[in-house]
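Coordinates in review
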Amino acid sequence: MNARTRRLTTAQALVRFLSAQYTERDGVRRRLIAGTWGIFGHGNVAGVGQALLEAGEDVMPFHQGRNEQSMVHAAVGYARQLNRLSAQAVTTSIGPGATNLVTGAALATINRLPVLLLPGDYFASHAPDPLLQQLEHPVEADVSVNDTLRPVSRYFDRITRPEALIPSALQAMRVLADPAETGAVTLALPQDVQAEAYDWPEEFFAERVWYVRRPAPDPVELAAAVEAIRSAGRPLIVAGGGVHHSEAEEALKAFVEATGIPVASTQAGKGSLRHDHPADLGGIGHTGTAVSDDLARTADLVIGVGTRYTDFTTASGTLFQHPEVRFLNLNITGFDAHKLAARTLVCDARSGLEKLLEALSGHRVGQEYEAEYRSGKDRWDEVVEAVYRADDENAVPTQTQVLGALDAAVDDDDVVINAAGSLPGDLHKLWRSRSPRQYHLEYGYSCMGYEIPAGIGVQQAAPGTPVWALVGDGTYLMMPTEIVTAVQEGLPVNIVLIQNHGYASIGGLSQETGGERFGTAYRFRAADGTFTGAPLPVDLAANAASLGMDVLRAKTVRELREALAAARASDRPTCVYVETDPAPTAPPAEAWWDVPVAETASREAAVEARERYDRQVAGRRRHL
C-alpha cells in the first residue's frame, strides 16, 4: 500500500467511509450514519459482518436485531426523532433477509425518512450459480430478489465491482442527507465483492460534511403568497410533518400569533403547536376534530406547510368545500408543493414561515373569525375531557379512557408511538400534544408492527426519554420480536398492550362498508364455519413476559393508572396489559374516507353500504 491508498475489502471500505460522514444544519453537526443494525447469514457474515467486527464499536456501533423489517422500523424511529439529521444502516443476508426489508423501506420512503439498506446479493462473478437463496430469472441474469427494493428506494445500486462503490456511496449519502430527496437508500452488495480487496484512495475516507439546506422562497412566489394571504377572509394552516423535520415549530408559533391564522394538523404534523395554544385546532380530515373539519369546509385559503395531502387529510377530496377555495403550499419539494393546483412556496418550512411573517407585517385575520375558531376549540376540549373521564375507577376501561390515563401519566418529554389499528384515529382526534416530539404516529404507511422497534430507535436517539409504544393485540402479534432487543440493550421501552380480540379498526370499517366484520375477529370457528366462536385463549401478557419484559396487568381504570405510573418509573422494559371495554367511546368521524363498496351485492348490509357510499362520493371535488 502506498501513501495515498489503503488496501481494504469493499465491505471494510464501506464501513470506514460511513463512519466519516456527517450532516450539519444551523451549526450543529451529527454523524450521518450513527450505527448499523444487522442479522447475519451467508450473504453478509464474511463481508459486512467481518468489516463491522474489524472496525469496532468506536468506528461503527452495531445493533443486533431479530427481524429485518423491524430493524428498518427501529432505524426509521431513530431518524424521525432526530429530524432526519442522523440515520442508521441495516445489513442483511441474501434471500428472505433481504426481502424482509421491503416493507420497512416502503415505510421509510413514503414518510420521507432516511435509512441505508445493505442487503447481500448473488456473486457478481456468477462463479457459483445458482447459489443458496438466489432467484433465477430465465432471461435477466442480473436480477435478484433485491430488485424488489428498487421501487421503494430513493436511490438503488448494485455494487458489482469494488471501485463502483465510490461514486455510489457518495450518491447514497447525498440522497440520505437531502430533505427534498430522502427516504430508503439501497446498496445491494454481492457476496464476492464484499470480500474482495482493493487499493482505495485515502480521500474516500476523509471526513465529509453534508450541509442540510434551508432554501428560502423565491421572491416572486413569496409575493404571490403574501397577496393570497392578505386577500383571504378564512385562511387555515394545515401543518404536516415538514414542520417537525425543519424544526419550524417556533417559526409557526410566531407566524400564528402575529396573524391569528389557525392551525390544523395531519398525523405527521400533530404537535406543531402545543395542544393548549389558542390557535391549535388538533387533527384534520377523516380522523380530525370537529372544529378543524368545520373550518376546513369553509376555508377560502388552505395553507399547507410540509404536508403531502393524503386522502385522510382531504377526506378523499370531500373536505375543502368553499366554492372559491384556493391552496398555498409551502414545501421543500416541488412535487408536494404543486398538489391541489396550489400556489407554491418551494422552500424550507422554517425559512418560508419566517419570510412570510416578515412580509405580512401588520396583517391579521378578523376578530370574528378568531372568536369562531376559539369557541370551536373550547367545545372540542369538552368532548376530549368527557371521553377521557372515568366516573367509575373500578370499571373496565374503554380505549379512550386508556388514553386519558396515559395523558395523566406523561409529561412534556414523553414520546407516544403508534401506527395502525383504531388507535391512530382516536389519538389524532383526542391526544393533547405537549411538545414537538411527543406525538409519533407513523401513518404514511400505517404499518402494523412498527411501534415496538420504533420505540427502540427513539430511545437510542434520545436516551432517558420515556417512550410508550401503543399496540393492540393484532399489531402485537405481527411483530413482538424486538422486545428481546430492548431487554438485551437495557432500553426501558414501555408497551401499552390493549387486548380487544382482533382487528378492531378494520372490523369497524368492514361493518361500515358492508363486509359485516368478516375475518376480523380472533375467535374460534363456530358451527357454521365462521370465526364467531369464543375468543382465542391467548395470553399476550405471558408472551411479553417470556421475552424478558416486566408485565403489569390492569383490569380496572384504577389499576391502569397505577400500572402506567409504575412503568414510567421503571428502568426496565415494561408492558402494561389491559383488556378494554369493547363499546366504542371515541367521537365518530367528522369527515368521509373513500373505501369503495361493492357496486352489486345480494347481502342487505352491502346494498345499504353502497347507498351510503354513493351519497358521500357525490361530494368529491377536484381542485384545479
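Anything mentioned here points back to the structure above.
These notes cover the structure that comes with them. The model shown is predicted, which means the values in this text are computed figures rather than measured ones. (Residues numbered from 1 in each chain as written. Predicted model: local features only at pLDDT ≥ 70, side-chain atom pairs only at ≥ 80, totals over all residues. Heavy atoms only, no water.)

This brings us to the overall build of the protein. Along the protein, the regular secondary structure elements total 24 helices and 23 strands. On C-alpha atoms alone, the protein measures out to a radius of gyration of 25 Å, which is about the 25 Å that the 2.2 N^0.38 rule sets for 624 residues. When its C-alpha atoms are laid out on the principal axes, the protein stretches across 75 × 70 × 55 Å. A burial count over the protein gives 57% of its 624 residues as buried. For the protein, restricting intrachain contacts to residue pairs at least 6 apart in sequence, the fraction spanning at least 24 positions comes to 76%. Counting only carbon and sulfur atoms, one obtains 52% of the accessible surface of the protein, whose full area is about 24700 Å². (Helix = DSSP H or I, 4+ residues; strand = E, 2+ residues; numbered from the N terminus. Rg over C-alpha atoms; globule rule 2.2 N^0.38 Å. Buried < 20%, exposed > 50% of the residue type's maximum accessible area, 1.4 Å probe, protein only. Contact = heavy atoms within 4.5 Å. Areas by Shrake-Rupley, 256 points an atom, 1.4 Å probe, with all protein chains shown as cover.)

Mapped onto the secondary structure, Val263 falls in strand β13 (residues 263–265). Put simply, Val263 and Ser70 are 193 residues apart on the chain and 34 Å apart in space, counted from C-alpha to C-alpha. Once residues within four sequence positions are removed from consideration, Val263 is found in contact with Ile237, Ala239, Leu252, Val256, Leu273, Ala279, Asp280, Leu281 and Gly282.

With that settled, consider helix α17 (residues 423–430). Across the eight residues that make up α17, a large majority, eight, are buried. Looking only at α17, the buried set comprises Leu423, Pro424, Gly425, Asp426, Leu427, His428, Lys429 and Leu430.

This brings us to the packing of aromatic side chains. Across all of its chains, the model carries eleven aromatic pairs by this definition. On the basis of an interplanar angle of 85° and a centroid distance of 6.2 Å, the ring pair of Tyr309 and Phe327 is categorised as edge-to-face. Linking Tyr309 in the loop between β15 (301–305) and α12 (311–314) with Phe327 in strand β16 (residues 326–331), this pair joins segments that are 18 residues apart in sequence. The pair formed by Tyr309 and Phe327 is uniform in burial state, with each residue classed as buried. Ring geometry for Tyr369 versus Tyr373: centroids 5.7 Å apart, planes at 80°, classification edge-to-face. A residue pair is termed a helical-turn pair when its members lie 3 or 4 positions apart in one helix, as Tyr369 and Tyr373 do in helix α15 (residues 367–388) at four residues. Here Tyr369 falls in the buried class, since its relative accessible area comes to 5%. (Phe/Tyr/Trp six-rings, centres within 6.5 Å; stacked < 30°, edge-to-face > 60°.)

So, about the pairing of strand β7 (residues 115–121). The buried count for β7 comes to seven of seven residues, which makes it a mostly enclosed element. Of the two faces of β7, the one carrying Val115, Leu117, Pro119 and Asp121 and the one carrying Leu116, Leu118 and Gly120 are both buried. Pairing geometry for strand β6 (residues 87–92) and β7, over four bridges, is parallel. In the strand pairing of β7, Thr92 is matched with Pro119. (Pairing = 2+ DSSP bridges.)

One can find Ala279 in the loop between β13 and β14 (280–283). In the structure, Ala279 is positioned 278 residues away from Val557 in sequence and 32 Å away in space, judged by C-alpha atoms. When neighbours within four sequence positions are excluded, Ala279 is seen to be in contact with Val256, Ile261, Pro262, Val263, Leu273 and Tyr373.

Moving on, we come to helix α1 (residues 10–19). Of all the ten residues making up α1, nine are buried; the element is thus mostly covered by neighbouring parts of the structure. Taken together, the buried positions of α1 are Thr10, Ala11, Gln12, Ala13, Leu14, Val15, Phe17, Leu18 and Ser19.

With that out of the way, let us pick up the pattern of salt bridges. Side-chain pairing between opposite charges can occur once the charged atoms of the two side chains come close. Taken as a whole, this structure holds 36 salt bridges when the rule is applied. One salt bridge connects Glu207 with Arg29, and the closest N-O pair in it is separated by 3.0 Å. Linking Glu207 in the loop between β10 (197–201) and β11 (208–211) with Arg29 in strand β3 (residues 28–31), this pair joins segments that are 178 residues apart in sequence. Measuring nitrogen to oxygen at the nearest pair gives 3.4 Å for the salt bridge that ties Asp294 to Arg297. With Asp294 and Arg297 both in helix α11 (residues 290–298), this residue pair falls three residues apart, about one helical turn. A residue is classified by how much of its surface remains accessible, and Arg297, at 28% relative accessible area, is partly exposed. Linked through salt bridges whose partners overlap, the residues forming this network are Arg25, Asp26, Arg214, Glu247, Asp348 and Arg350. (Salt bridge = Lys/Arg side-chain N within 4 Å of Asp/Glu carboxyl O.)

Following Asp129, the chain continues into Pro130 via a peptide bond in cis, with omega recorded as 0°. Turning to its location among the elements, Pro130 is positioned in the loop between β7 and β8 (155–158). Even without a glycine there, the phi angle at Arg112 is positive, about 60°. For Arg112, the position within the fold is in the loop between α5 (101–110) and β7.

Our next topic: the side chain of Thr109. Residue position: Thr109 is located in helix α5. Polar contacts involving the side chain of Thr109 include one to the main-chain amide nitrogen of Ala184, which spans 3.0 Å. Excluding residues that lie within four positions of it along the chain, Thr109 makes contacts with Val152, Ser153, Arg154, Gly183 and Ala184. (Polar contact = N/O pair within 3.5 Å; in protein donor to acceptor, adjacent residues only side chain to side chain.)

Once that is clear, we can look at the packing of helix α3 (residues 68–81) against helix α18 (residues 451–461). Contact pair α3 / α18: the axes reach a minimum separation of 7 Å and the direction vectors enclose 40°. Taken together, the axes of α3 and α18 are oblique relative to one another. For the crossing formed where α3 meets α18, the hand is right-handed. Along its contact with α3, which presents Ser70, His73, Ala74, Gly77, Tyr78 and Gln81, the element α18 presents Pro453, Ala454, Gly457, Val458, Gln460 and Ala461. (Axes fitted to C-alpha atoms, helices over the stretch in contact; angles between N-to-C directions. Parallel < 35°, antiparallel > 145°, perpendicular 65-115°, else oblique. Left-handed = near helix turned anticlockwise from the far one by under 90°.)

To continue, consider the nonpolar core. Counting 78 residues, the largest nonpolar core has Ile229, Ile237, Leu252, Leu356 and Leu470 as the members making the most contacts within it. Among the elements that take part in this core, α15 stands out by supplying six residues, more than any other. Excluding residues within four positions of it along the chain, Leu356 makes contact with Leu222, Ala225, Val226, Ile229, Phe255, Leu330 and Leu345. Counting residues in each nonpolar core, the second largest holds 36 residues, with Phe17, Leu118, Ile159 and Leu189 among its members. (Core = buried A, V, L, I, M, F, W, Y, C linked by side-chain atoms within 4.5 Å.)

A word on the environment of Ala124. Mapped onto the secondary structure, Ala124 falls in the loop between β7 and β8. What Ala124 contacts, discounting residues up to four positions off in sequence, is Thr160, Pro190, Asp192 and Val193.

A word on the sheet that holds β16. A sheet is described by the order of its strands in space; here six strands give the open sequence β14-β13-β12-β15-β16-β17, paired in parallel fashion. Edge positions in the sheet fall to β14 and β17 (343–346), since each of these pairs with one other strand and no more. For this sheet, the mean angle separating the axes of adjacent strands, direction not counted, is 20°. Sheet topology note: the β15/β16 ladder contains five bridges and is parallel. Considered in β16, the bridge of Ile303 is made with Leu328. Here helix α8 (residues 219–231) sits on the sheet in contact with β15, β16 and β17, set at roughly 130° to β17.

Here the focus is the pairing of strand β22 (residues 550–554). Relative to strand β23 (residues 574–579), β22 is paired through five bridges, and the arrangement is parallel. From the neighbouring strand, Asp550 faces β23, where its bridge partner is Thr574. In this view, the connection linking β22 to its parallel neighbour β23 by way of helix α23 (residues 557–569) has right-handed handedness. (Right-handed = clockwise from strand over helix to strand, strands pointing away.)

Any link to function would need more than the numbers given here.
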